[in-house]
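Letter by letter, the chains look like this.
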Amino acid sequence: MGLSYNVYLNSNRIYGCKNCKTHLSNHEDILSRNFRGQHGKAYLFNTVVNISEAEPVERNMTTGRHVVRDISCRQCNEIVGWKYDKAYEASEGYKEGKFILEAELLATVR
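Rules used in this analysis
- Here the residue numbers are simple positions, counted from 1 along each chain's written sequence.
- The predicted nature of this model means local features are confined to residues of pLDDT at least 70 and side-chain atom pairs, given and counted, to a pLDDT of 80 or more, with totals for whole chains, interfaces and linings taken over all residues.
- Side-chain descriptors were evaluated using all non-hydrogen atoms of the structure, hydrogens and water having been removed beforehand.
- To pair, rings of Phe, Tyr and Trp, with the six-membered ring standing in for Trp, must have centres within 6.5 Å; the planes then decide the type, stacked if under 30 degrees apart, edge-to-face if over 60, and tilted in the middle.
- Helix and strand assignments come from DSSP, with helices taken as H or I runs of at least 4 residues and strands as E runs of at least 2, each series counted from the N terminus.
- Think of it in three bands: with a 1.4 Å probe and only protein chains considered, a residue is buried below 20% of the maximum accessible area for its type, exposed above 50%, and partly exposed in between.
- Whether a charge sits over a ring comes down to the Lys NZ or Arg CZ being within 6 Å of the ring centre and within 35 degrees of the ring normal.
- Here a strand pair is declared whenever DSSP counts at least two bridges between the two strands.
- Where helices are involved, their axes are fitted lines through C-alpha atoms of the stretch in contact, as for all axes, and angles between N-to-C directions lie from 0 to 180°.
- Any two residues whose heavy atoms approach within 4.5 Å are treated as being in contact.
- In plain terms, two cysteine sulfur atoms within 2.5 Å form what is called a disulfide here.
- UniProt positions are given in the numbering used here, feature names are shortened, and annotations may be inferred rather than shown by experiment.
- Under the rule applied, a polar contact is a pair of N or O atoms within 3.5 Å (in protein, one hydrogen donor and one hydrogen acceptor; residues adjacent in sequence only if both atoms are side-chain atoms).

### Here's the deal with the packing of aromatic side chains
Think of a pair of aromatic rings as described by two things: how far the centres are apart, and how the planes are tilted against each other in angle.
Item 1. Taken as a whole, this structure holds 4 aromatic pairs when the rule is applied.
Item 2. Measuring from centroid to centroid gives 5.9 Å for Y15 and F45, while their planes differ by 75 degrees, and the two rings are edge-to-face. Linking Y15 in strand β1 (residues 14–17) with F45 in strand β4 (residues 40–45), this pair joins segments that are 30 residues apart in sequence. When sorted by exposure, Y15 lands in the same class as F45, which is buried.
Item 3. Both rings, one in Y43 and one in F45, keep their centres 6.4 Å apart while their planes meet at 75 degrees; by these two values the pair is edge-to-face.
Item 4. A relative accessible area of 11% places Y43 in the buried class.
Item 5. A cation sits over an aromatic face here: R33 above Y43, 5.9 Å from the ring centre.

Put into structure tokens, the structure is as follows:
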């Protein structure tokens, strides 16, 4: 495994890790603001960068059973949300491959 370099985003509004300010996603990549996480308000993002993904686990969530993986900031290893791998309910399939970032764990970098 070689060196991994951080991706630096170029946007009018960038969300980063609250702990170390590493870029995570652009404001334009928010698909929905109507989510809740362990720490309160959370956002569904289409794309997230500079993260590490944990192993997939099945979780019973408010909207049904899902296979998810925790995602952590690649720079400081702080958990910032999770990624949906699979939704067992057909109506929740739009979440597959998308990311949840919890507002409490984010900082507006720019």
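### Details of the sheet that holds strand β10 (residues 106–108)
Item 1. Strand order in the open sheet formed by 3 strands is β2-β1-β10, and the pairing between neighbours is antiparallel. Looking at which strands have only one partner, the edges of the open sheet turn out to be β2 (23–26) and β10. Across this sheet, the average inter-strand angle for adjacent strands is 35 degrees, counted without regard to direction.
Item 2. As judged from the 3 bridges shared by β1 and β2, these two strands associate in the antiparallel manner. By the bridge assignment, G16 is partnered in β2 with H23.

### Some words on the environment of E55
Item 1. Mapped onto the elements of the fold, E55 is located in the loop between β5 (51–53) and β6 (57–61).
Item 2. Residue class for E55 comes out exposed when judged on its relative accessible area of 66%.
Item 3. Separated by 34 residues in the primary sequence, E55 and E89 have C-alpha atoms spaced 21 Å apart.
Item 4. Apart from residues lying up to four places away in sequence, E55 is in contact with V68 and R69.

### Describing the state of the cysteines
Item 1. A full pass over the atoms with the stated rule returns 0 disulfides.
Item 2. Here C17 is not disulfide-linked; the sulfur of C76 is the nearest cysteine sulfur, at 3.6 Å.
Item 3. There is no disulfide at C20, and the cysteine sulfur nearest it, in C73, is 3.5 Å away.
Item 4. Taking the relative accessible area as the measure of exposure, C20 reaches 28% and is therefore partly exposed.

### Remarks on the UniProt feature "domain: Yippee" (unreviewed entry) in the protein chain
Item 1. UniProt's feature table lists "domain: Yippee" (unreviewed entry) at residues 13–110, given in the numbering used throughout.
Item 2. Within residues 13–110, the helical portion is 0% and the strand portion 57%, while the C-alpha atoms at the span's ends are 5 Å from each other.

### Considering the side chain of N50
Item 1. Summarising the element assignment, N50 is placed in the loop between β4 and β5.
Item 2. In this structure N50 comes out as buried when scored by relative accessible area, which is 4%.
Item 3. Within polar-contact distance, the side chain of N50 engages the backbone nitrogen of V7 at 2.7 Å.
Item 4. A distance of 2.8 Å separates a polar atom in the side chain of N50 from the backbone oxygen of H23.
Item 5. With near-sequence residues (within four places) excluded, N50 lies in contact with Y5, N6, V7, T22, H23, L24, S72, C73 and R74.

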